[in-house]
Amino acid sequence: MSARGDELAAGLDRVRERLAGACRDAGRDPAGVALTVVTKFFPASDVRLLAGLGVTEVAENRHQEAQAKREELLDLGLRWHFVGGLQSNKAAALASWADVVQSVDRAKLVAPLARGAEREGREIDVLVQVSLDPPGADQRAGAGPEDLPALADAVEAAEGLRLRGLMAVAPNDGDPARAFDLLTGLHARLREQHPRAEELSAGMSGDLEAAVMAGATRVRVGSAILGSRPSVA
Ligand SMILES: *Cc1c(COP(=O)(O)O)cnc(C)c1O
């Protein structure tokens, strides 16, 4: 295998070991925690190498980049996730490639996304992104906890969209375990109304252990596998 292939294999091994260790510590079955590899900013050739190493789900955060990579890698049959910030006038376009949209954080996105799904003749799995930042924080990505019930209902009601659960990013400062505890509580409440919303997407390179401890069913890991990203464009 190429030098890059060796690097990715080593990164993937380390992350799989961390996940196994975290599941042991939490008394959880590793089969209950899915790995999404965040491949944003990295070339399609890396995604192909990862697929050869058994990766089946990848995430991207820019529409055009993701669309181009997926087009080039159609033969791999990967499941493509979108985890980026979303403008309502771009939401419909995601349906051309995204199998899962993890970052639906306001009701305005629901109708265009559903329209896109209908146009493409497919169903899109949706996770609602919730903010774990204190109210009023700058750069708050994600719905406020108070807005979750209405947003979840809107997704559930939309033709072509399937509400599958919640996604969150722990705030930069502060204890991820505390943030994820809040998230676990919100997820439990959501599932009382929407029992099929089973997924809890939380945990990245720096905090996947805390997320597994809090009950994450899916982690999203980039740099711990692929290395540090080229500077943000
Ligand atoms: C980039 C990104 C990740 C991966 O972050 P790493 O720290 O590189 O593992 C996970 N989730 C979201 C929403 C991201 O944008």
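Please refer to the structure placed before this passage.
Residues numbered from 1 in each chain as written. Predicted model: local features only at pLDDT ≥ 70, side-chain atom pairs only at ≥ 80, totals over all residues. Heavy atoms only, no water.

Draft legend 1. How the structure looks around the side chain of R122. By the element assignment, R122 lies in the loop between α5 (110–120) and β5 (124–129). One polar contact links R122 to D99, side chain to side chain, over a distance of 2.8 Å. (Helix = DSSP H or I, 4+ residues; strand = E, 2+ residues; numbered from the N terminus. Polar contact = N/O pair within 3.5 Å; in protein donor to acceptor, adjacent residues only side chain to side chain.)

Draft legend 2. Examining the layout of surface pockets more closely. Of the pockets and cavities examined, the largest pocket occupies roughly 1,000 Å³. For the largest pocket, the lining is made up of 39 residues, of which K40, Q129, A141, V169 and M204 are closest to its centre. Its residues assigned to classes, the lining of the largest pocket shows 17 nonpolar, 13 polar and 9 charged. Reported here for the second largest pocket is a volume of approximately 190 Å³. For the second largest pocket, the full set of lining residues is N61, R62, H63, Q64, F82, G85, L86, Q87, K90 and L94. Those elements that place two or more of their residues in the lining of the second largest pocket are α3 (63–72) and α4 (88–94). (1 Å grid on protein atoms, 1.4 Å probe; cavity = no way out; pocket = protein on both sides within 12 Å on 5 of 7 lines; lining within 4 Å. Points joined across faces, edges and corners; volume = space filled by probe spheres on them. Nonpolar A, V, L, I, M, F, W, Y, C, P; charged D, E, K, R; others polar.)

Any functional reading would require information beyond the geometric quantities listed.
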